[in-house]
Amino acid sequence: MRTLFHTAALLLGLMAFAHGAEAGTLVSRTLPAGPDPGSRERTYQVFVPEGLGDQAAVPVVMVLHGCLQTEQNMIDETRFTDLAERDGFIVIFPFITSYPFLPPRNQNCWGFFIEQQRHQGLGEPADLRRIFDAVADEFPVDRNRRYVAGLSSGAAMAVVMAVAYSEDIAAAGAVAGLPYGEDACAVQGACFTGIAHKPLSAFVQAMQAEQQSPEEQRLVPIMVIHSTNDMVVPIRNAQNIRDSWIAYYNAAATPAATED
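This section reports on the structure supplied with the text. (Residues numbered from 1 in each chain as written. Predicted model: local features only at pLDDT ≥ 70, side-chain atom pairs only at ≥ 80, totals over all residues. Heavy atoms only, no water.)

### Here we look at the packing of aromatic side chains
- For the structure on display, the rule yields three aromatic pairs.
- Look at Tyr248 and Tyr249: their rings are 4.6 Å apart centre to centre, the planes differ by 65 degrees, and that puts the pair in the edge-to-face class.
- Residue Tyr249 is classed as buried on the basis of its relative accessible area of 13%.
- Members of the aromatic cluster, connected to one another through ring pairs, are Trp245, Tyr248 and Tyr249. (Phe/Tyr/Trp six-rings, centres within 6.5 Å; stacked < 30°, edge-to-face > 60°. Buried < 20%, exposed > 50% of the residue type's maximum accessible area, 1.4 Å probe, protein only.)

As structure tokens, this is what we get:
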């Protein structure tokens with residue numbers, strides 16, 4: 001489930017245009033397995049900009065790698081550390097670390113398409129939520145400004161976090177991602193029957209089922225970036241993210257502005 005990595009990685013960090021080596025600190029941490037079903041030990045890295053101790057609580061951005069990658073790819077390719085140093089926020093780079101043998105998945109893919117891995121209080125999203133808390137316990141994080149972004153399967157997991165933990169995520173970003181509730185067949189080569197997309201109604205129903213309480217039914221702002229030439233994760237997936245947000249949250253479908 002690998003996209004055109006170099007192009008997408010540049011898009012993920014398209015705003016990270018500050019030049020020069022970062023002056024902050026990159027630290028490695030391990031999160032022990034927790035009480036949630038499917039929880040596992042997770043490793044992650046945290047970038048802390050220079051002089052953070054002199055500031056008030058700052059935003060935090062979680063950046064999720066794609067399949068066949070590690071968190072080091074996100075550190076090396078996206079330049080989020082440069083942007084964090086310039087603008088004064090913390091970046092979390094989780095590594096999936098380990099995952100069940102079944103159902104099968106490509107190496108280091110987040111399990112956005114697996115029922116046990118895409119709900120609040122279960123597996124990978126629950127562990128990612130605990131990583132947010134672990135970082136906030138150690139560093140001065142503004143808990144009202146927690147953001148999540150990702151590439152490919154990491155983008156799909158960012159969408160999962162925006163739905164499953166909508167009350168905790170300020171905004172999300174997806175580069176070459178997939179909508180909430182989609183399965184692996186929406187990706188080239190994942191199913192022997194070929195690419196297949198669920199109908200829009202399936203995504204809306206999945207979001208409704210996940211968000212039971214009024215406080216969860218919050219529209220999390222989301223930026224969706226996709227290449228029209230992506231031959232692995234078709235752009236239809238990005239359109240389905242957009243359309244499911246519009247349909248479920250009754251958002252305005254008319255573009256506020258367009259630019260070519």
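### Looking at the side chain of Glu182
- Locating Glu182 in the fold gives a position in the loop between strand E6 (171-175) and helix H6 (200-210).
- One buried charged side chain, Glu182, makes no salt bridge at all; its nearest oppositely charged neighbour is Lys198, positioned 5.1 Å away.
- Setting aside chain neighbours within four positions, we find Glu182 in contact with Phe112, Phe113, Arg118, Ala196, His197, Lys198, Phe203 and Asn237. (Helix = DSSP H or I, 4+ residues; strand = E, 2+ residues; numbered from the N terminus. Lys, Arg positive; Asp, Glu negative; His and termini not counted. Salt bridge = Lys/Arg side-chain N within 4 Å of Asp/Glu carboxyl O. Contact = heavy atoms within 4.5 Å.)

### Focus: the state of the cysteines
- Tallied over the full model, the rule gives two disulfides.
- The partner cysteine of Cys185 in its disulfide is Cys191, sulfur to sulfur 1.9 Å. Given an S-S torsion of about -90 degrees, the disulfide between Cys185 and Cys191 has left-handed geometry. Assigned by exposure class, Cys185 and Cys191 land together as buried.
- In the protein chain, the bonded cysteines, numbered by position in the sequence, are linked as 1-2, 3-4. (Disulfide = S-S within 2.5 Å.)

### Topic: unusual backbone geometry
- For the bond running from Leu102 to Pro103, omega is -10 degrees, close enough to zero to count as cis.
- Among the structural elements, Pro103 can be located in the loop between strand E4 (90-95) and helix H4 (123-138).
- The residue Leu68 is not glycine, and still its phi comes out positive at about 65 degrees.
- For Leu68, the position within the fold is in the loop between strand E3 (58-64) and helix H2 (71-78).
- Positioned with a positive phi, Ser152 is a non-glycine residue whose angle comes to about 60 degrees.
- When you line up the elements, Ser152 lands in the loop between strand E5 (141-151) and helix H5 (153-164).
- Classification of Ser152 by relative accessible area gives buried; the value is 2%.

### Observations regarding the side chain of Ser39
- Topologically, Ser39 is positioned in the loop between strand E1 (25-31) and strand E2 (42-48).
- Here the side chain of Ser39 touches Gly34 through a polar contact of 2.7 Å, landing on its backbone nitrogen.
- One polar contact links Ser39 to Asp127, side chain to side chain, over a distance of 2.7 Å.
- Sequence-distant contacts of Ser39, defined by excluding residues within four places in its chain, comprise Ala33, Gly34, Gly123, Asp127 and Arg130. (Polar contact = N/O pair within 3.5 Å; in protein donor to acceptor, adjacent residues only side chain to side chain.)

### Remarks on the packing of H6 against helix H7 (residues 236-249)
- Axis separation between H6 and H7 bottoms out at 9 Å; the angle between their running directions is 55 degrees. The angle between H6 and H7 places the two elements in the oblique class. Note that H6 runs across H7; the crossing there is right-handed. Here H6 contributes Leu200, Phe203, Val204, Met207 and Gln208 to the contact with H7, which in turn contributes Asn240, Asp243, Ser244, Trp245, Ala247, Tyr248 and Tyr249.
- Per-class residue counts for the contact of H6 with H7 are eight nonpolar, three polar and one charged. (Axes fitted to C-alpha atoms, helices over the stretch in contact; angles between N-to-C directions. Parallel < 35°, antiparallel > 145°, perpendicular 65-115°, else oblique. Left-handed = near helix turned anticlockwise from the far one by under 90°. Nonpolar A, V, L, I, M, F, W, Y, C, P; charged D, E, K, R; others polar.)

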